[in-house]
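Architecture at a glance
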Amino acid sequence: MKKLTVMFALLLSFMFVLSACGKDDNASKDNDKTDNKTAEKADQDLLKKIKDDGKILIGTEGTYPPFTFHDTSGNLTGFDVELAEEVAKRLGVKAEFKETQWDAMFAGLDAKRFDMVANQVGIRPDRQEKYDFSDPYITSSAVLIVSNDNTKVKTFEDIKGLNSAQSLTSNYADIAKKFGANIVGVEGFQQSVELLSQKRVDVTVNDKLTYLDFKKNKPDAPVKVAATSDDASTSGFMFRKKNDTLVDEVNKVLKEIVDDGTYKKISEKWFGEDVLK
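The text that follows walks through the structure, step by step, so that each part is easy to find. The structure displayed is predicted, hence computed values, not measured ones. (Residues numbered from 1 in each chain as written. Predicted model: local features only at pLDDT ≥ 70, side-chain atom pairs only at ≥ 80, totals over all residues. Heavy atoms only, no water.)

**Focus: the packing of aromatic side chains**
Going by this rule: Ring pairs shown here join Phe, Tyr and Trp side chains whose ring centres sit within 6.5 Å, with only the six-membered ring taken for Trp; geometry is labelled stacked below 30 degrees between planes, edge-to-face above 60, and tilted in between. Buried, partly exposed and exposed residues are distinguished by accessible area as a fraction of the type maximum, computed with a 1.4 Å probe on protein chains only: under 20%, between the cut-offs, and over 50%, respectively. Only DSSP runs of H or I covering at least 4 residues are called helices, and only runs of E covering at least 2 are called strands; the numbering of each starts at the N terminus.
Under the criterion given, the structure shown has 11 aromatic pairs. Here the aromatic rings of Tyr64 and Phe67 are separated by 5.1 Å at their centres, their planes lie at 50 degrees, and the arrangement is tilted. In terms of burial, Tyr64 and Phe67 fall into one category: buried. With 5.9 Å between their ring centres and 85 degrees between their planes, Phe79 and Tyr263 make a pair best called edge-to-face. Taken together, the residues Phe79 in helix α3 (residues 79-91) and Tyr263 in helix α10 (residues 262-271) connect sequence positions 184 residues apart. Take Phe79: its relative accessible area is 0%, and that puts it in the buried class.

Have a look at this one:
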């Protein structure tokens, strides 16, 4: 009888522990739900936070002329920089740029180091699954760039098996891979051209507008365009998901910038033409 009493007591204790664990699990789940809701609300309130702080944090490279780079005085400038500054001004806040390498840009946005990215980020389906984009603010084609004395590469099909200097996560790296090139990782366009000039790589696939700006400033650079892609790509400002109010407001002011002629003025300053279409 005594043994039965002890066993019954142990059984009751075991049931109590199980019950307590169940409650803890439920409490943990409830806490997770609360945390998720809090995080979601914080994202939804990002526009309010930006306006309350009086600044918008913008991720950019600072090494990618003519879009984002440092002039001879060391000041950050470029097409994307000017356009982002105009957007910030119309939001009623100051643009505060945070410079980082291209391959760290996405992680920086994920980690909430930036509120948005302004760096000629191509709008494509795989990125749209994870991030939101503004309306497109520029359209450009990819070009295949080779050394002046290269007479063998005339089409994108000719780069199979060749070494191509590319930023690893860029649209242009994907194009080079698609045509069978071996990718040599670089930090940006300048390094690509340097490696090409030094014959350390065979080609680079890059943005046509970037190339035109480069040749405008360095007409004697020993590189040329061997081919131009038929497909034009569009770029936009990039945001974390669930920041709809911020994205909508940026799109609103972007439209104003285009409609009142400010966009055309900025575009012609950097490219000599309207590059929206």
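**Focus: the packing of helix α7 (residues 189-197) against helix α8 (residues 208-217)**
This is how it is decided: Inter-axis angles, ranging from 0 to 180 degrees, are taken between N-to-C directions of lines fitted to C-alpha atoms, where helices are fitted over the stretch in contact. In these notes the angle categories are as follows: under 35 degrees is roughly parallel, over 145 is roughly antiparallel, 65 to 115 is roughly perpendicular, and the rest is oblique. Put simply, a crossing is left-handed when the front helix is turned counterclockwise from the back one by less than a right angle, and right-handed when it is turned clockwise. What makes two residues a contact is simply this: any of their non-hydrogen atoms within 4.5 Å. Gly is placed with the polar residues, together with every amino acid not listed as nonpolar (Ala, Val, Leu, Ile, Met, Phe, Trp, Tyr, Cys and Pro) or charged (Asp, Glu, Lys and Arg).
In the contact formed by α7 and α8, the axes pass within 11 Å of each other and the chain directions differ by 65 degrees. Considering their axes alone, α7 and α8 lie roughly perpendicular with respect to each other. Where α7 crosses over α8, the two elements pack in a sense that is right-handed. Together, Phe189, Gln190 and Val193 of α7 and Thr210, Tyr211 and Phe214 of α8 make up the contact between the two elements. Residues that form the contact of α7 with α8 fall into these classes: 4 nonpolar, 2 polar and no charged.

**Brief notes about unusual backbone geometry**
Note the cis peptide between Pro65 and Pro66, where omega equals 5 degrees. By the secondary structure assignment, Pro66 is in the loop between β1 (55-60) and β2 (69-70). At Lys242, a residue that is not glycine, the phi angle is positive and equals roughly 70 degrees. Structurally, Lys242 can be placed in the loop between β11 (223-240) and α9 (244-259). Taking the relative accessible area as the measure of exposure, Lys242 reaches 47% and is therefore partly exposed.

**As for the nonpolar core**
Heads up, the condition is: We call a set of buried residues a nonpolar core when its members are Ala, Val, Leu, Ile, Met, Phe, Trp, Tyr or Cys and they connect through side-chain atoms within 4.5 Å of each other.
If you look at the biggest cluster of nonpolar residues, it comprises 62 residues, and the most contacted ones within it are Ile56, Phe79, Leu83, Ile138 and Phe237. Considering each element in turn, this core owes the most residues, 7 residues, to α3. Sequence-distant contacts of Leu83, that is, excluding residues within four places in its chain, are made with Tyr137, Phe237, Leu254, Ile257, Tyr263 and Ile266. With 11 residues, the next largest nonpolar core counts Trp102, Phe114, Ile123 and Met238 among its residues.

**Brief notes about the side chain of Ser147**
Put simply, the test is: Any pair of N or O atoms that falls within 3.5 Å is considered a polar contact. Within protein, one atom must be able to donate a hydrogen and the other to accept it, and sequence-neighbouring residues count only if both atoms are side-chain atoms.
Tracing the sequence through the fold places Ser147 in strand β7 (residues 138-147). Of note is the side chain of Ser147, whose polar atom sits 3.4 Å from the backbone oxygen of Leu196. When near neighbours in sequence (up to four residues on either side) are disregarded, Ser147 contacts Leu196, Lys199, Pro222, Val223 and Lys224.

**Considerations on the packing of α3 against α9**
Packed helices, taken two at a time, are described by the angle between their axes plus the distance between the axes. Their axes nearest at 9 Å, the elements α3 and α9 cross at an angle of 110 degrees. With respect to each other, α3 and α9 are oriented roughly perpendicular. The chirality of how α3 crosses α9 is right-handed. Judged by residue contacts, Leu83, Glu86, Val87, Arg90 and Leu91 of α3 engage Glu249, Val250, Val253, Leu254, Glu256 and Ile257 from α9.

**Side note on the pattern of salt bridges**
Spelled out, the test is: The rule for a salt bridge is simple: a side-chain nitrogen of Lys or Arg has to be within 4 Å of a carboxyl oxygen of Asp or Glu.
One pass over the structure, following the stated rule, counts 15 salt bridges. One salt bridge connects Glu86 with Arg90, and the closest N-O pair in it is separated by 2.8 Å. Residue Glu86 and its partner Arg90 are both found in helix α3; the two are separated by 4 residues, about one turn of the helix. With a relative accessible area of 26%, Arg90 lands in the partly exposed category. Between Asp126 and Arg124 there is a salt bridge, and its shortest N-O distance comes to 2.8 Å. Several salt bridges share partner residues, and in doing so they unite Glu86, Lys89, Arg90 and Asp260 into one network.

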